[in-house]
Amino acid sequence: MKLKYFSHSAFQITTDNGKIILIDPFLDGNPTSPVKSEDVNADFIILTHAHGDHLGDAFKIAKRCDPLLICVNELANYCSAKGFKVHNMHIGGSYNFDFGRVKFTIAHHGSKTPDGEYGGEPAGVIISVGGKNIYHTGDTGLFYDMKLIGEMTSIDYMLLPIGDNFTMGITDAVKAVELANPKLAIPMHYNTFPVILADPNEFKNKLESKDKKCRVLNFGEEIEI
Ligand code: NI
Ligand code: MN
């Protein structure tokens, strides 16, 4: 199984049998993404919330690849009204798809669609695939229930924002890792725009001083997980 980081909060999981799952595919308008939406394919697209830097190019990719869009109810209804295939879920719920299980968690943030509609509650997501649990927190501030999330699910990979301003910054993100206790933390949502500049190696060093493992992925880097 492979995990690829496009930058910002956009990731791609490729399962051992070749299914492609995209998370928050913000590519064309993303100055740090090494690829464009036309360069990627998808069988599934998981969206954490409706903001333009997360919904991103989901519709462009969906028009070409016809993936299933997985998101919270209100955002799923918004996508469905645009003519796309959706699976409506909500926070606290999980469901078995053919690639694995998806569970939505809380996130403290907002979620308006690019059309100005209410996109439902913003979310994080735990994707259980290929024997691994991947927790993508979405955009969020720090919250203590991350401890509960880590107690209920043994997190292998925690993908979490460090860019500050709209989300956790480095100090809060270090605390988030201590609470959820993943085997490996991977920083995201930084250096895309001047307002979210952050040094991922500072985050890594702070975690390592607390005996927590961190891997900083380059934009476009793919790793075996
Ligand atoms: Ni957002
Ligand atoms: Mn964002």
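Residues numbered from 1 in each chain as written. Chains lettered and ligands numbered in written order. Predicted model: local features only at pLDDT ≥ 70, side-chain atom pairs only at ≥ 80, totals over all residues. Heavy atoms only, no water.

A. How the structure looks around the coordination of the manganese ion (ligand 2). In this structure, Asp 53 (OD), His 54 (NE2), Asp 139 (OD) and His 189 (NE2) serve as the protein donors to the manganese ion (ligand 2), at separations of 2.1 to 2.3 Å. Binding-site remark: the manganese ion (ligand 2) is held by donors from one chain whose sequence spacing is D-H-x84-D-x49-H. Separation of the manganese ion (ligand 2) from the nickel ion (ligand 1) amounts to 3.2 Å, with Asp 139 serving as a shared donor to the pair. Taken together, the residues span a long stretch of sequence, with His 54 in helix H1 (residues 52–55) and Asp 139 in the loop between strand E10 (132–136) and helix H4 (146–152) at a distance of 85 residues. Relative accessible area serves as the criterion here: at 0%, His 54 is assigned to the buried category. (Donors = N, O, S within 2.8 Å, 3.2 Å for Na, K, Ca; no water. Helix = DSSP H or I, 4+ residues; strand = E, 2+ residues; numbered from the N terminus. Buried < 20%, exposed > 50% of the residue type's maximum accessible area, 1.4 Å probe, protein only.)

B. Main features of the coordination of the nickel ion (ligand 1). Binding of the nickel ion (ligand 1) to the protein goes through His 49 (NE2), His 51 (ND1), His 109 (NE2) and Asp 139 (OD), at separations of 2.2 to 2.3 Å. Considering all four donor atoms around the nickel ion (ligand 1), the spread of angles at the metal, 85 to 173°, places the coordination shape in the irregular class. With relative accessibility at 23%, the residue His 51 sits in the partly exposed group. (Tetrahedral: all angles 85-135°; square planar, octahedral: opposite > 155°, others 65-115°.)

C. Layout of the sheet that holds strand E9 (residues 123–129). Overall, mixed pairing links the six strands, which are arranged E7-E8-E9-E10-E11-E12 in an open sheet. The two strands at the open ends of the sheet, each matched to only one other strand, are strand E7 (94–96) and strand E12 (184–188). Strand after strand, the sheet turns through a mean of 15° between neighbouring axes, direction not considered. Where E10 and strand E11 (residues 157–161) come together, three bridges link them in parallel fashion. Among the inter-strand pairings, Tyr 135 is bridged to a residue of E11, identified as Met 158. In this fold helix H5 (residues 170–180) packs onto E11 and E12, with an angle of close to 155° to the strand it touches most, E11. (Pairing = 2+ DSSP bridges. Axes fitted to C-alpha atoms, helices over the stretch in contact; angles between N-to-C directions. Contact = heavy atoms within 4.5 Å.)

D. Fine view of the sheet that holds strand E2 (residues 10–14). Pairing is mixed across the open sheet formed by seven strands, whose spatial order is E6-E5-E4-E3-E2-E1-E13. Every interior strand has two partners, whereas the edge strands, strand E6 (86–89) and strand E13 (222–224), have only one. Geometrically, the sheet is characterised by an average inter-axis angle of 20° between neighbouring strands, direction not taken into account. Examined bridge by bridge, strand E5 (residues 68–72) and E6 share four bridges and lie parallel to one another. The residue bridging Ile 70 from the neighbouring strand is His 87, located in E6.

E. Quick peek at the environment of His 49. Positionally, His 49 belongs in the loop between strand E4 (44–46) and H1. Note: C-alpha distance between His 49 and Gly 124 (75 residues apart in sequence) is 8.6 Å. A polar contact is formed between the side chain of His 49 and the side chain of His 109, at a distance of 3.4 Å. (Polar contact = N/O pair within 3.5 Å; in protein donor to acceptor, adjacent residues only side chain to side chain.)

F. Layout of the pairing of E9. Counting buried positions along E9 yields six of seven residues, so the element is predominantly enclosed. Note: strand E8 (residues 100–106) against E9, seven bridges, orientation antiparallel. Its bridge partner being in E9, Ile 106 is matched across the sheet by Ala 123. One ladder, built from five bridges, connects E9 with E10; its direction is antiparallel. Across the sheet, the residue bridging to Ile 126 is Tyr 135, located in E10. Here E9 folds back onto E10 in antiparallel fashion, the turn holding two residues, of which Gly 130 has a positive phi close to 55°.

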